[in-house]
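A closer look at the structure
Next come the chains, spelled out residue by residue.
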Amino acid sequence: MKKISVLLLAAALTAGLASCAKKEANKKASDSRPTIRLVTDATGIDDKSFNAAAWRGIVEFYGESVENAKSRGSLYDVVTCQTQDQYLPTLKQLSDEGYDLICATGFTFSDAITEIADEYPEQKYMIVDVDWVGRPNVKEFVFHEEEGSYLVGLAAAYQAQADGISNPKFGFIGGVPGSTITKFEMGYIQGLRAVYPNAEIFDYYANDWGKPELAKTQAKNWFNNGIYAIFSAAGGTGNGTIAQAKEMQYAGNNVWAIGVDSDQYADGVYAEGKSAVLTSMIKRVETSTLIALNEIAGGTFKGGVVNLALKDDGVDYSKANKALGIKVIDAIEAAKKDIVSGKVKVLPTYKEALAAGIAPEGLGAIDD
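We now turn to the structure provided with this report. (Residues numbered from 1 in each chain as written. Predicted model: local features only at pLDDT ≥ 70, side-chain atom pairs only at ≥ 80, totals over all residues. Heavy atoms only, no water.)

In spatial order, the strands read β2-β1-β3-β4-β5-β13; together these 6 strands make up an open sheet with parallel pairing. Either end of the sheet is taken by a strand with one partner, and the two such strands are β2 (76-80) and β13 (304-308). Strand-to-strand twist of the sheet, defined as the mean angle between neighbouring strand axes without regard to direction, takes the value 20°. Two elements, strand β4 (residues 125-128) and strand β5 (residues 138-143), share 4 bridges in a ladder whose sense is parallel. Considered in β5, the bridge of Y125 is made with V138. Contacting β3 (101-105), β4 and β5, helix α4 (residues 110-119) crosses the sheet at an angle of about 165° to β4. Its contacts with the sheet put helix α9 (residues 285-298) on β1 (36-40), β3, β4, β5 and β13, and the angle it makes with β5 is roughly 155°. (Pairing = 2+ DSSP bridges. Helix = DSSP H or I, 4+ residues; strand = E, 2+ residues; numbered from the N terminus. Axes fitted to C-alpha atoms, helices over the stretch in contact; angles between N-to-C directions. Contact = heavy atoms within 4.5 Å.)

Encoded structure:
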């Protein structure tokens, strides 16, 4: 009886493997394009920010759109991990399923990607906001967020100047502290202080990417205490800043939110032609997924670090809001040229910004 059970189990396993192989063969026969699975944190691709940008690049590669993702579930799809302890088992399961590329977004995935890349040396991976994995089967993308953040800092400061505010105060809301988010904050501060050298700057870290209520509460407190503009680099948490700025502007208050990663102008609209999002720091995460998929398709994929700066069109700022005056935009465009040429160097770390006397002491930013 035991022998029969073992034989039946073996037959079932063989049939299952044959079925998987048949499905893969059919997929390859009908469509030669690569397969990819995107893995995100709990905020998912509806964060209107970081993950949404990565997803846009994927659907664009297949000639589709976010609204009409016809090949989702076959050629590409997304898996959302609700907690960090799901990262490793999720990556393991996807690796067992054998997709051409597995993409993880965010530095919180770095340990899991490092471990799984060793376990599956033939599987190809990519990760965004990490440059320390150092595995031959992992392509790592990092951005010069400090450069794009400098531009939105300039936008907020020049807008305050245009409004005739002599001593404006500014806020920064971060998600989980780390070197990547520090680059956002330091660039923002340097942009602000290029216009207002003694500007008062406050920061707050929510320690979460998906709790907009925390940012909304903090933003309300700050706006009520005279903060002019708040830049949030906090994933879905930052949506709370935008929600509060909308309420304040609708009530007639002159305050601003600054978006991040994607152009968040539409999220700040509270009346026709009016948005509480002054500008957004555009981080073209979609560029990274497009690069990796094109390399997979062309057979040129290899591990290593890819840096995307302002000169590479990796970061930028949004001009969607008509409230940004022509003089403000002209000043920002001039600064862009100075950064690309090397005339202006934007410091990426808190340590450097402190040493240069640009950033205030006592901020929540960390470099590690």
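So, on to the packing of aromatic side chains. Counted according to the given criterion, the structure contains 12 aromatic pairs. Summarising the aromatic geometry, the rings of F172 and Y188 are spaced 6.4 Å apart at their centres and angled 40° between planes, so their arrangement reads as tilted. Of this pair, F172 sits in strand β6 (residues 169-174) while Y188 is found in helix α6 (residues 179-195), placing the two residues 16 residues apart along the sequence. You can call Y188 buried: its relative accessible area is 0%. Aromatic pair F172 and F231: ring centres 5.7 Å apart, planes at 70°, arrangement edge-to-face. Here the residue F172 occupies a position in strand β6, and F231 occupies one in strand β8 (residues 227-233), the gap between them amounting to 59 residues. For the pair F172 and F231, a shared accessibility class is recorded, and that class is buried. Joined through ring pairs, the aromatic side chains of F172, F184, Y188, Y205 and F231 make up one cluster. Here the basic side chain of K139 rests over the ring of F301, its NZ or CZ set 5.6 Å away from the ring centre. (Phe/Tyr/Trp six-rings, centres within 6.5 Å; stacked < 30°, edge-to-face > 60°. Buried < 20%, exposed > 50% of the residue type's maximum accessible area, 1.4 Å probe, protein only. Lys NZ or Arg CZ within 6 Å of the ring centre and 35° of its normal.)

Mapped onto the elements of the fold, I296 is located in helix α9. Judged by its relative accessible area of 15%, I296 falls in the buried class. Each C-alpha atom of the pair I296 and Q218 lies 43 Å from the other, and the pair is 78 residues apart in sequence. Once residues lying within four places of it in the same chain are set aside, the contact partners of I296 are P34, D100, L101, K124 and F301.

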